[in-house]
Amino acid sequence: MKVAKWLLGPLVALGILAGCATSMTDIKGFNMISIEQEKELGNKFAAEIEKQQQPVNDPEVQRYVDKVGRRLLAGARTVEFDYVFKVVKDDSVNAFAIPGGRVYVHTGLLKAADNETELAGVLAHEINHAVARHGTRQMTQEYGYSLVLSLVLGDNPNMLAQLAGQLFGKAGMMSYSREYENQADFLGVETMYKAGYNPNGLTSFFQKLNAMGGGTQSNVARFFSTHPLTSERIQRVQAEIAKLPPQRYLTDETEFKNIKGRLK
């Protein structure tokens, strides 16, 4: 990604520290961007993203995904943002979170999931990118505090539009560090369990994508390029699930099937 080097502030070195030695249980980490600043940045990114991504014009589909997301938030460690869940028309298998607690789900992901539990697994992962504030932490690491702050303040609208497209729009997606992906998996398992979803839905969806051929098919390439799946990563998630006390999970799949039918 091309960003003018002179825009990178001297504090970029501090940002690099934010991506090092991430503790799975530490959701705070190092972040020079405040909660309020992140909310403002998220609002600005959302305005740009929704110029590129077309929301699904079906209130029932939007309501359903929002309902699943809000059930999961009950199991999150903290809810510091006003979360928004939106479905966008895109047949690639993907979902992504932007700074400030906005989560977008592609129609292709809804079509690929077999049940609500698999959808919840992906949403739990994305929610926890927002919970741990990975977006602003990684942006500060890559571009420097000065540039990120200028986006918050609205001083650099052209760069904001450029990054919105390159990081979150159809042109590309934000690729988190391995540590951040692992932490989102770890917290996602915890969130699903506390919200009453079987966390095996996360691994079953990962395994399904692997069986579909990874990045060799265009409809799944986006997920693999932004959320690299390895056998080690899947085994790590399974190991975390194995530590959880037994629990009865209750999920009615009728509504999920109806929603999938509306997307055909």
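Look above for the structure.
The structure reproduced in this document is the subject of the present report. Throughout, a residue's number is its position along its own chain's written sequence, starting from 1. Whole-chain, interface and lining totals are the exception, using all residues; otherwise, since this is a predicted model, local features are given only for residues with pLDDT of at least 70 and side-chain atom pairs are given and counted only at 80 or more. Working from all heavy atoms in the structure, the side-chain values ignore hydrogens and water.

What follows concerns the overall build of the protein chain. Numbering of helices and strands starts at the N terminus; helices are DSSP runs of H or I of at least 4 residues and strands are runs of E of at least 2. For the protein chain, the helix and strand inventory stands at 13 helices and three strands. Throughout this description, buried means an accessible area under 20% of the type-specific maximum (1.4 Å probe, protein chains only), exposed means over 50%, and partly exposed covers the range between. When burial is assessed residue by residue, the protein chain has 56% of its 264 residues classed as buried. In the protein chain, the share of contacts with a sequence separation of at least 24, taken over all contacts with a separation of at least 6, comes to 76%. The accessible surface values rely on the Shrake-Rupley method and a 1.4 Å probe; as for residues, cover is taken only from the protein chains in view. Carbon and sulfur atoms provide 53% of the accessible area of the protein chain, an area that totals close to 11,300 Å². A contact between two residues is defined here by any heavy atoms of the two lying within 4.5 Å.

Attention now moves to the packing of aromatic side chains. When the centres of two rings from Phe, Tyr and Trp lie within 6.5 Å, Trp using its six-membered ring, the rings pair. Their planes under 30 degrees apart give stacked, over 60 give edge-to-face, and anything left gives tilted. In this structure the tally under the stated criterion is five aromatic pairs. Aromatic side chains Tyr-64 and Phe-256 sit 6.4 Å apart centroid to centroid with 55° between the ring planes, which places their arrangement in the tilted category. Here the residue Tyr-64 occupies a position in helix α3 (residues 59–73), and Phe-256 occupies one in helix α13 (residues 254–262), the gap between them amounting to 192 residues. The buried category is assigned to Phe-256, whose relative accessible area is 2%. Geometrically, a charge over a ring is one whose NZ (Lys) or CZ (Arg) sits within 6 Å of the ring centre while staying within 35 degrees of the ring normal. Stacked on the ring of Tyr-197, the Lys or Arg Arg-71 has its end atom at 3.7 Å from the ring centre.

Alternating positions in strand β2 (residues 95–98) separate into two faces, Ala-95 and Ala-97 on one and Phe-96 and Ile-98 on the other, with burial throughout. A pair of strands is considered paired only if DSSP assigns at least 2 bridges between the two. Bridge count between β2 and strand β3 (residues 102–106): four bridges; the pairing is antiparallel. Its bridge partner being in β3, Ala-97 is matched across the sheet by Val-103. Between β2 and β3, which pair antiparallel one after the other, the connecting turn spans three residues, and Gly-100 there sits at a positive phi close to 95°.

Every angle, taken between N-to-C directions, lies between 0 and 180 degrees, and every axis is a line fitted to C-alpha atoms, over only the stretch in contact when it is a helix. Across the interface, helix α2 (residues 35–52) lies against helix α8 (residues 157–168) with an axial gap of 9 Å and an inter-helix angle of 70°. Judged by the angle between their axes, α2 and α8 are roughly perpendicular. Across the interface between the two elements, Leu-41, Lys-44, Phe-45, Glu-48, Ile-49 and Gln-52 of α2 pack against Leu-160, Ala-161, Leu-163, Ala-164, Gly-165 and Phe-168 of α8. Any angle that falls under 35 degrees is termed roughly parallel, while one over 145 is termed roughly antiparallel, one within 65 to 115 roughly perpendicular, and all others oblique.

On to the pattern of salt bridges. Here, a salt bridge means any Lys or Arg side-chain nitrogen found within 4 Å of an Asp or Glu carboxyl oxygen. Per the stated rule, a full pass over the model turns up 21 salt bridges. The salt bridge involving Glu-60 is made with Arg-63; its shortest N-O contact spans 3.3 Å. With Glu-60 and Arg-63 both in helix α3 and three residues apart, this pair spans about one turn of that helix. With relative accessibility at 34%, the residue Glu-60 sits in the partly exposed group. For Arg-63, a relative accessible area of 36% gives the class partly exposed. Three or more residues joined by partner-sharing salt bridges are found here, namely Glu-60, Arg-63, Lys-67 and Glu-255.

Bringing helix α9 (residues 178–195) into the picture now. Here, expected helix span is obtained from the residue count minus one, scaled by 1.5 Å. Helix length check: α9 (18 residues) gives 25 Å between terminal C-alpha atoms against 26 Å at 1.5 Å per residue, within 8%. Within α9, 15 of the 18 residues are buried, which leaves it mostly tucked inside the rest of the structure. Trailing α9 by a residue or two, Gly-196 shows a phi angle of about 90°, which is positive.

With respect to the helices and strands, Ser-92 occurs in the loop between β1 (84–88) and β2. Relative accessible area serves as the criterion here: at 8%, Ser-92 is assigned to the buried category. Nitrogen and oxygen atoms within 3.5 Å of one another constitute a polar contact, given that in protein one can donate a hydrogen and the other can accept it, and given that sequence-neighbouring residues count only through two side-chain atoms. A distance of 2.7 Å separates the side chain of Ser-92 from the side chain of Asp-90, its partner in a polar contact.

Spatially, the three strands line up as an open sheet ordered β1-β3-β2, and their pairing is mixed. This sheet does not close on itself; its edge strands, each paired only once, are β1 and β2. Going from strand to strand, the sheet's axes swing by 20° on average, the running direction of each strand aside. One ladder, built from five bridges, connects β1 with β3; its direction is parallel. Bridged to Lys-86 within β3 is Tyr-104. Contacting β1 and β3, α3 crosses the sheet at an angle of about 140° to β1.

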